[in-house]
Structures are given as C-alpha cells and as structure tokens.
Amino acid sequence: MDPEVEMQSSNTKRKGNWITFPFVLGTMACLTLASGGWMANLIVYLIEEFNVESIDAAQVFNRVNAGINFFPLIGAIIADSYLGSFSVVAISCCVSFVAALLITLTSVLDSLRPTPCPTGASNCESPSKFQYAVLYGDLVLGCIGFGISRFTLSTMGANQFDKEKDQATFFNWFFFELYFFSVIAFTGIVYIQDNVSWALGYEICLGATFIGLAVFLVGNRFYRHDKPKGSPFTSLAQVVVASIRKINMPTKVQDLYYQSHDAQLTNTLRFLNKAAIETEGDKKPDGSIAKPWRLCTVQQVEDFKAFIKVFPIWSSSILVAVEVALVQGSCTVLQALVMDRQLGHLKIPAGTITVLALISSSASLTVIDRYFPLLWRKVMRKLPTPLHKLGIGHVITALAMAVAAVVERRRLGMNNDKHVMSAVWLFPQLIILGIGEAFYFPGQVALYYQEFPASLHSTATAISSLIVGIAFYLSTAVIDIVRANSDWLPDDIDHGRLDNVYWVLVVIGIVNFGYFLCCAKFFKYKHTDEKVVAETSSGSAN
C-alpha cells in the first residue's frame, strides 16, 4: 500500500468514535435550548409585542413549526449530495445565530415593534411593512438554521461510530437531550420571557447558539468527515425512468443486472423489475453502467420498492401529526391564555404548558421500552412490531382529542357561569397525547429504519420530521377552513366552539385509523417478501 494512503487511512481510523461525543452532544444541547426558547413562546410574543390577533398568531406559529420540520430533509439531501454533514451543520448554525440575533433585536429596539397595546384594547397599531419584513425574515432564517442544524447533527454524530451498538447508544443520548433541553427551554426561558423580560430570554437563546457553534467548531479536529455520496433520490428517479423506457420488454432472470452483494429481486411491484433488464449499449466494456437512466442494478430496484411500500403507512401518519400539532401546539396555548394559570404561588406561562406532553413522552418511553414488549408477548403470544406501536399510537391520540373536546366544553360552560377554569384541566389531554407520541413516533422511525435500504437510513429520520412539517401546514389549513365556514374559532375563543373542532379531529382520527388498518393488513415486512425464482414474465402475481 502507498505509505501516504496508509497514513490517511490510519488518521481516519483515529478520528471519530467517543472522543467526538461531548462536542456533538454539547452542540445539540445548546441548539435545542436556543431553538426551544426562540419558538416556544412565539404565539404570546406575537400577541403581546406585535399586536397580532390570537388566531393569526397561532397560524404563524403553525407555519414556523412546519418550516422547522421541512428543512431537515433539504439539509439531508444537501449533505448527502454536495457538502457533507459538517459543512451543512456549520452553515446552518451560522444562520441560526443570525435568526437569534434578529429576534433579540426586535425585543430590544422599539423601532422594530409597533406601539404597545393595552390588554383588551381595540384598534391596536399593526406592525409596519419594515417591522413585518424583519419579523418574517427572522422566522424564515430560524426555520432554515434550527431546522437543518439539529437533525443533520444527529446523522453526523451517528456517522462517527462503526458499531451499531455505539450508534444506538448515541441516538438514545441524542433524543434524551432533545427532550431534556426542550423542557428547560419551554419552562426556564419562557418563564424569563414572561416574568423578567423578552430581551433577556432571547439574549439567552443568542448566547446558547453562539456557544453551540463554538463547541461544534472546536471539535472539528476529532470528527470523521464523510464525503458526499450523491443523493439517493437520484437513484430512485433512475429506477422510474428506466422501468418506463423498458415497459414493453419481457423480464427474464438471466437478463437482469446484478452487482456483487445485490439483494434478490422480489415479485412485488414487478413492473419496476424492467429497470434492471440489460440491453445492448447499457454497459461499458468494463461492466459498469454506461446509461444510468436506462439500466439500474437489482439493488436500486429493491431500494425503490422499499420506499414505495412504506408510503401508505407514512401517509396515514400525517393526520395523526395534525392532531398532535393542534393540541400540543397552538390550540392548547390559546386555551391556556384565557384560563387560570395560577398554581400555588407560581403562574404557569401559557407557552410552557405544552411541555407536559414532552415530559409525558419521556416518562412513557422508559416504561414502554422496559415493560410493553413483555406485556404484549404475554397477552398476544408474540413480540410487538412497529406497526403494533403505530396502531396503539393512533388510538391513544384520538382519545386525547376526545378528552380535549370534553374539557373545552366544560370550560365554556364555566365561562357562562362567570367562572374561570384552572389550566390544570389541560393536563390530562397533554399527558394522554404524550403517551400516544411515545408509542407512535419511535415506532414510526423504527419501521422506516428497518424497511428502508441502507442508502436511505438517514432519510428515514428526515421524512419523519417531514411528516411533522406537513402536519403543521395542514393544521393551518384546518383552522382556515373552520374559520371560513363556521364561527367556531373567533379571535376570542371564549365566544367560539373549539370543542367542536376537537370532535371533528376525533372523527378524522377514527377514519384515519381505519385507513391505517387497511394499509397494515396488506403491508409485508422486508424479510417476508417472496423472492424471484423463475422468469417473472411467466410467474404468478404475488
């Protein structure tokens, strides 16, 4: 071996592993604290400091949540295809710092906010075009920076380890930090914003972002840098194009293009198998593919099948996430704003109350991981699969919607009697929702990771985030439709019927659960797929 190549290989082996652990998790802790403080209390900030009406503020909050969950997929594609994880994290951290700086300036400089409006007053001054530009520019930058940095950091952190056991340990710590520092942000920073000053709360976010970026860059000498390998989505697109171009050709096993270590071709979605048919001119003299948009490997075909096979299950996840977005996000905060939030000598900030769902999820994950498989095996005589966990998550989430509807109806009744309901009554729906999340979202990631090919493992996490992003956009559409066709959601929810909105979500959840059951009935796990053993053109359909 060339001494120079041997030296580079040795250096690569010395980098990565557990020495990078404190740098990656230190960065993650700071970014989670900053992003949580940046957006947790956003609804209240828009209402109190920018004179935005409550429902409009909730809509902005939903769109910000959607954006912060859309951009991880874009970051993953850029990292895999062009820049690598390190560069993407570094750039997105810088964008996050600018976003934290801008929102800090809006809280410090009076010229960046409209004139304050007394509580209960009408005809409040709206922000100017310049103030809107600064505000919305900041929100866009925050979605890009915080959305991309944290999720790409998880992929980069896992890439530092070679053993699956070490990667699993890293992810356990990663998600623990995600929950733990989100709780701190949703409680500590929000409390400071509500009771000390908005400026100090956002200055803490700014400082945390700077420290996170510094910690990340200091660890650069220890990181293992993976080179971009090209987007897996290009490979998936090539399968579609190649199969269409050869759609009229008979499929014979001896004509298929296998590379070493390729998977065996399956009989599911057989028309895609045509993409792997070798024809004259498709290969170079050395045996490599000359026309990647006419010829694909069997592995590429099977990767695409795995992606398509999971899609119906993935689509059933969107409406569950819509329910979570409306209850854990905007609607519960709006309820808390008009309820008695006094708990002893402490007044709970409205933006903090939803943290109970995070705490519930964290506690439930521990119990589920330890006891649920044993209980399920005792009752059902077999271990639970990811689909079982998803189904339970569907049911518990719908139950949380029903509880939320009952509580809201009771709250409106108490208002008619001139009584203000305690915000403690919001706890049951949040606790139940957290339990549902603990079943649903880890089960979802486990299913995607198990069924997706190795080239799409990082994408599995990103599309889980994408579901949340789509859900928040759809939640804004739900609110818009309700407002356009009913009087259930006026600016003052005391004069509306938010409980009816929750009951509609219960019905949607039940219908969606039925759709999920249909998808699950026809779903086959990867290891049960029938293998091709004869010419597929003469074989029977699976």
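So, a few notes on the structure that sits alongside this text. (Residues numbered from 1 in each chain as written. Predicted model: local features only at pLDDT ≥ 70, side-chain atom pairs only at ≥ 80, totals over all residues. Heavy atoms only, no water.)

## Comments concerning the overall build of the protein
The condition that has to hold: Put simply, DSSP H or I for four residues or longer makes a helix, DSSP E for two residues or longer makes a strand, and each gets a number counted from the N terminus. Here the term buried applies to any residue with accessible area under 20% of the maximum for its type, exposed to any over 50%, and partly exposed to those in between, with areas from a 1.4 Å probe on protein chains only. In this description, contact between two residues means that some pair of their heavy atoms is separated by no more than 4.5 Å. Computed with the Shrake-Rupley method and a 1.4 Å probe, the accessible areas treat only the protein chains shown as cover for residues.
Tallying secondary structure elements over the protein gives 15 helices and 2 strands in all. Per-residue burial for the protein yields a buried fraction of 51% across its 542 residues. Across the protein, the fraction of contacts at a sequence separation of at least 24, relative to all contacts at a separation of at least 6, is 80%. Surface exposure of the protein reaches about 25,200 Å², of which carbon and sulfur atoms provide 64%.

## Quick look at the environment of Ser81
Looking at where Ser81 falls in the secondary structure, it is placed in helix α4 (residues 54-83). Look at Ser81 and you get buried, because its relative accessible area is 16%. Along the primary structure Ser81 and Pro232 are separated by 151 residues, whereas in three dimensions their C-alpha atoms are 8.3 Å apart.

## Some details on the state of the cysteines
Quick note on the threshold: Throughout, disulfides are identified as pairs of cysteine sulfur atoms within 2.5 Å of each other.
Under the defined criterion, the tally for this structure stands at 0 disulfides. Unpaired in this structure, Cys94 has its nearest cysteine sulfur neighbour in Cys93, at a distance of 7.0 Å. When its relative accessible area of 39% is taken as the criterion, Cys94 is described as partly exposed.

## Considerations on the packing of aromatic side chains
Formally: Ring geometry is summarised as follows: Phe, Tyr and Trp rings, the Trp one being its six-membered ring, pair when their centres sit within 6.5 Å, and such pairs are stacked at plane angles under 30 degrees, edge-to-face over 60 and tilted between the two.
Counted according to the given criterion, the structure contains 18 aromatic pairs. Ring centres 6.0 Å apart and planes at 50 degrees place the aromatic pair Phe86 and Tyr223 in the tilted group. Of this pair, Phe86 sits in helix α5 (residues 85-108) while Tyr223 sits in the loop between α8 (198-218) and α9 (232-245); the two residues are 137 residues apart in sequence, bridging distant segments of the chain. In this structure, Phe86 and Tyr223 share a single accessibility class: buried. The structure contains a cluster of three or more aromatic residues connected by ring pairs, namely Tyr45, Phe50, Trp198 and Tyr202.

## Some remarks on the pattern of salt bridges
Oppositely charged side chains can pair when the atoms bearing their charge come close. For the record, the criterion: Within this document, salt bridges are pairs made up of a side-chain nitrogen of Lys or Arg and a carboxyl oxygen of Asp or Glu, the two lying within 4 Å of each other.
Overall, the coordinates contain 12 salt bridges when judged by the stated rule. In this structure, Arg63 engages Asp480 in a salt bridge whose closest nitrogen and oxygen atoms are separated by 4.0 Å. Placement of the pair is Arg63 in helix α4 and Asp480 in helix α14 (residues 457-485), with a sequence separation of 417 residues. Judged by relative accessible area, Arg63 falls into the partly exposed class, the value being 38%. Take Asp480: its relative accessible area is 37%, and that puts it in the partly exposed class.

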